[in-house]
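# Structural features, examined
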Amino acid sequence: MSSDAPSKHSQSHLELAREYAQRAFFNSYLRDFNLPYESAEKCFQIPLPTGTFPLSVEHHSLLGSHSFAAQDLSSLIHQLSTSQLAARVEQGQRELELIFRERREAMDQLYASLPDFLTAEQGLYLGHNFHPAPKARSGFELQDLRTYAPEFANYFPLRWLHIHHDVLWEHRAQSFADTDWVSELYPGRQRSAYLALPTHPWQLRRWFQHPQIQQYLQQGLIFTADEDPAKWTATSSLRTLYRAGARYMLKFSMSLQLTNSLRHMQPQEIVRGMLLRDIFHTPTGQRFGQRFPQFRLMHEPACFALRDEFGKIMPETMVLLRENPFRTEDSTSCMVLATLNQPHPLTGQSFYSHCLREHTPDSWFDAFLTQIVKPLLVAQGDFGVLLGAHQQNLVVRLARGLPCGGYFRDAQGTGVSKLAFERFSTELAAPQRLVEHHVPFAAAKDLFCYYLIVNSVFSTISALSRAGKVPEKNFVLQLRAFLLDLAPELMDRQIVDHLLSSPTLKQKGNFTCSTRALNENTLVDPLSIYNHIPNPIALVAHP
């Protein structure tokens, strides 16, 4: 099936950038404020101090993935934004314009077939589809984008440092305690009493500007290591780097703002990856892998950082190891879900045009629910493990265009429910860690349902609906039937029952967070930026 969307090849880079920046901005705004759609006028009425503005809609989506009639809405954006947010929107638009100007040929090549893992990672050109400034990277200069941003597919070497153990903090999974990971990645000579630690070259410049690190260099507690000629490249998250053949990917704290956060990993979140690895290495945890051999977690077995002179961890120096399954497994047709759901920015073509050549839209969605969604719901409902599975954390493996397996990554957005205490307390070393990462049900249902259902499944439905020319409601009904069938099988069915019966769900208020200039990573209550939206899964049962 091919898209019947009009080609945008005749549009200028500026016009294209403006269109997609405006789409993300207003979809984020509309979901935050839940404004009613006026179907007769085909518009949303945007309230302003002087009245209302009719925001004309080209395509209305039951699930919020609207597109808007072509027009310059810059003035309206400024009226709805703080000066800081308006500046970030403009910055993101400029970055999109650069991408469209320099990567147009790569876009056509990307959509010619179903890409491999790395190509899909570096093909996420449009970013978060419900964020007012998805492409703004505050802290990057133009050349930084070309060198380090994934869309430009550049390769660069890491910088390695020898860090004395007196100023080093490290945390490892119990199941990874004796692993010599450095020898796997670093070919140079190692020093006694020091650890060879990789650093991102952009972030290292910030390290060397820090007075504490300058002091450590003078004291001989940090040495520059031998150069490593191996080249790495950015994945879709920008701060996670990949090298073909390497056993691990590397994720770094970076001192720049992406979407809602200053991208410094925090100690309390980074250690969740080690807990998760230990959980799934217990006898009970291994049963999950036996039940779903086609679905894997990219485990994060260790993390490292510098300590300051008072022993406090320096978040801007954090480095995380992530398992790279594609070292030994074929990465062909393995796509991050956010890219799979992204239309071709120039033609409107969808990757689903390849997927639906041999499969009907409903059979494709059934495979997606079985191969991707079910393992995540069972991890929660039978094991008490909450995986924050948003679109950028899920990689879908396709066989002849049909989902046949997948991967979850990024354990910083994970936690455990009470069920995990019952299942793992007697098998897990240091079981008190379960208490430290327990998420009460009231919060768990909102966070889990947002990431998996609102962010990932609803976006997939919207993209599949447009490609297959099938109403979104059909897929919502299919999702509801799937949940009704799954619920009786689960030990803890509370979250599935919530999805089936609650008239509302909660979604992360990215527009609100951006307007308030909050750092999401350091919020005491993450749900303080969430708001209610209608729950179509429950509402379709009572039209």
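Look above for the structure.
Residues numbered from 1 in each chain as written. Predicted model: local features only at pLDDT ≥ 70, side-chain atom pairs only at ≥ 80, totals over all residues. Heavy atoms only, no water.

Here we come to the side chain of Arg23. If you trace the backbone, Arg23 turns up in helix 1 (residues 13-33). Using a relative accessible area of 17% as the deciding quantity, one classes Arg23 as buried. With sequence-adjacent residues up to four places away left out, Arg23 is seen in contact with His66, Ser67 and Phe68. (Helix = DSSP H or I, 4+ residues; strand = E, 2+ residues; numbered from the N terminus. Buried < 20%, exposed > 50% of the residue type's maximum accessible area, 1.4 Å probe, protein only. Contact = heavy atoms within 4.5 Å.)

Here we take up the pattern of salt bridges. Evaluation of the coordinates by the stated rule reveals 22 salt bridges. Among the ionic pairs, Glu151 bridges to Lys135, the shortest N-O distance being 2.3 Å. Pair noted here: Glu151 is in the loop between helix 6 (142-148) and strand 6 (155-157) and Lys135 is in the loop between helix 5 (117-121) and strand 5 (137-138), with a separation of 16 residues, a long-range link. With a relative accessible area of 1%, Glu151 lands in the buried category. Among the ionic contacts, a cluster of salt bridges with common partners joins Glu95, Lys135, Arg137 and Glu151. (Salt bridge = Lys/Arg side-chain N within 4 Å of Asp/Glu carboxyl O.)

What follows covers unusual backbone geometry. A positive phi angle, near 75 degrees, is found at Ala193, a position not held by glycine. At Asp410, a residue that is not glycine, the phi angle is positive and equals roughly 75 degrees. Among the structural elements, Asp410 can be located in the loop between strand 22 (402-408) and strand 23 (414-416). For Asp410, a relative accessible area of 18% translates into the label buried.

What follows concerns the sheet that holds strand 4 (residues 67-68). What the four strands build is an open sheet, ordered 1-2-3-4; its pairing is antiparallel. Pairing within the sheet leaves two strands with one partner each, and these edge strands are strand 1 (37-38) and strand 4. Strand direction decides the pairing type here: strand 1 and strand 2 (residues 43-48), joined by two bridges, are antiparallel. Each residue of the ladder has a partner; that of Tyr37, found in strand 2, is Phe44. (Pairing = 2+ DSSP bridges.)

Before going further, it helps to examine the environment of Ala443. As for its placement among the helices and strands, Ala443 is situated in helix 18 (residues 441-468). Expressed as a C-alpha distance, the spacing of Ala443 and Gln266, which sit 177 residues apart in the sequence, is 20 Å.

Read from one edge to the other, the open sheet built from three strands follows the order 5-14-15, with strand pairing classed as antiparallel. Where the open sheet ends on each side, the last strands, each with one partner, are strand 5 and strand 15 (261-262). Sheet topology note: the strand 14 (residues 257-258)/strand 15 ladder contains two bridges and is antiparallel. Paired with Gln257 across the two strands is Leu262, which belongs to strand 15.

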